[in-house]
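# Chains, contacts and geometry: an overview
Spelled out from the first residue to the last, the chains are:
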Amino acid sequence: ATLALNYAKNGCLDQAFAETLTIPDSLVRNEAWFKIAALYAAENRNSGALEFESFLQNSLHKAELLSKVAANFAESGKLKDATRLIAELKTLNGKNADELTETKVDLLLAVAEESRKFGEKHVSEKLLAEAGRLAKSAWYSEVRAKTLTKVTAAYFDIENENKGLYFLTLAWEAARTCPTLS
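Scope of this entry: the structure provided in the associated data block. (Residues numbered from 1 in each chain as written. Predicted model: local features only at pLDDT ≥ 70, side-chain atom pairs only at ≥ 80, totals over all residues. Heavy atoms only, no water.)

### Considerations on the packing of helix α5 (residues 59-75) against helix α7 (residues 101-117)
The interhelical angle for the contact between α5 and α7, taken along N-to-C directions, is 5 degrees, at an axis separation of 9 Å. If you check the angle between α5 and α7, you find them roughly parallel. Between α5 and α7, the contacting residues are A63, S67, A70, A71, A74 and E75 on the first element and T103, L107, V111 and E114 on the second. For the contact of α5 with α7, the per-class residue count stands at 6 nonpolar, 2 polar and 2 charged. (Axes fitted to C-alpha atoms, helices over the stretch in contact; angles between N-to-C directions. Helix = DSSP H or I, 4+ residues; strand = E, 2+ residues; numbered from the N terminus. Parallel < 35°, antiparallel > 145°, perpendicular 65-115°, else oblique. Contact = heavy atoms within 4.5 Å. Nonpolar A, V, L, I, M, F, W, Y, C, P; charged D, E, K, R; others polar.)

Have a look at this one:
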């Protein structure tokens, strides 16, 4: 796995790919796929990262990678590419009801912010509303409270006090029902 990662660090995608295929343990191999893809995403080499995405077996790894690449696309103004990856991320399911909820909400909020910066107010509002719907639907009260708080902050950042207060109220109610806070 280390050799494959070193190949990837040096930009030798084909060698990294070939070396990773030789790893006999599927868990170690999957971790290597993720580390290589994450390396490419961290360096904003998105096409390389996405080439490895299809090999990832762990939905949490896939979600993290898609989220990073989509954020890269959004930051560079490639909003259609970011939106395409958001759609792919929405299809992923975690091991429990909320395993990926926070990742999805974080990505929606990040792309909404970048959309607003690029003057795409309508796209930003749509993504922010979707983040709010997803946060409200979280099964576990801890996840619901945390994600609703993030949505609250996003609405206050754009000076939409009515929606900010609405989501703050929902976050407060969710926090009050958290077993860890009782």
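Structure's up, so let's keep going.
### Observations regarding the nonpolar core
Formed by 47 residues in total, the largest nonpolar core has its most connected members in F52 and V151. Residue contacts for V151: discarding those within four places in its chain leaves V105, L109, A131, G132, A135 and F167. (Core = buried A, V, L, I, M, F, W, Y, C linked by side-chain atoms within 4.5 Å. Buried < 20%, exposed > 50% of the residue type's maximum accessible area, 1.4 Å probe, protein only.)

### Considering helix α10 (residues 161-176)
The periodicity of an α-helix, 3.6 residues per turn, causes residues three or four positions apart to be oriented the same way. Between its first and last C-alpha atoms α10 spans 22 Å; for 16 residues at 1.5 Å apiece the expected length is 22 Å, and the two agree. Within the span of α10, buried status applies to G164, F167, A171 and A174. The buried residues of α10 occupy one face: seen down the axis, they fall within an arc of 85 degrees. Facing away from the buried side of α10 by over 90 degrees, the exposed positions are E161, N162, W172 and R176. Summarising the contacts, the buried residues of α10 are in contact with α8 (121-136) and α9 (141-157). (Expected span 1.5 Å × (residues − 1). Arc of directions from axis to C-beta.)

### Some details on a nonpolar patch on the surface
Together, F156, L165 and L168 give the surface a local cluster of nonpolar side chains, amounting to about 260 Å² of exposed area. Topologically, L165 is positioned in helix α10. In this structure L165 comes out as partly exposed when scored by relative accessible area, which is 46%. (Patch = residues over 30% accessible without salt bridge, like charges linked within 9 Å, V, L, I, M, F, W, Y side chains within 5 Å. Areas by Shrake-Rupley, 256 points an atom, 1.4 Å probe, with all protein chains shown as cover. Salt bridge = Lys/Arg side-chain N within 4 Å of Asp/Glu carboxyl O.)

### Focus: the packing of helix α1 (residues 2-9) against helix α2 (residues 13-21)
Viewed as axis vectors pointing N to C, α1 and α2 meet at an angle of 170 degrees, and their least axial separation amounts to 7 Å. As the angle between them shows, α1 and α2 are arranged roughly antiparallel. Of the residues in α2, those touching α1 at L3, A4, Y7 and A8 are Q15, A16, E19 and T20. Here the residues of the contact of α1 with α2 sort into 5 nonpolar, 2 polar and 1 charged.

### Things to note about unusual backbone geometry
Here N44, not a glycine, exhibits a phi torsion of approximately 60 degrees, which is positive. The topology assignment puts N44 in the loop between α3 (26-42) and α4 (46-53). Residue N44 is classed as partly exposed on the basis of its relative accessible area, which comes to 44%. In this model, E159 sits at a positive phi of 65 degrees, which is unusual for a non-glycine residue. By the secondary structure assignment, E159 is in the loop between α9 and α10.

### Describing the pattern of salt bridges
Tallied over the entire structure, the rule returns 10 salt bridges. Here K62 makes a salt bridge to E53, at a shortest N to O gap of 3.6 Å. Assessed through its relative accessible area of 8%, E53 is described here as buried. One salt bridge connects D106 with K150, and the closest N-O pair in it is separated by 2.8 Å. Of this pair, D106 sits in helix α7 while K150 is found in helix α9, placing the two residues 44 residues apart along the sequence. In this structure D106 comes out as partly exposed when scored by relative accessible area, which is 32%. Residue classification places K150 among the partly exposed residues on the basis of a relative accessible area of 24%. Residues joined in a network through salt bridges with shared partners are E102, D106, K146 and K150.

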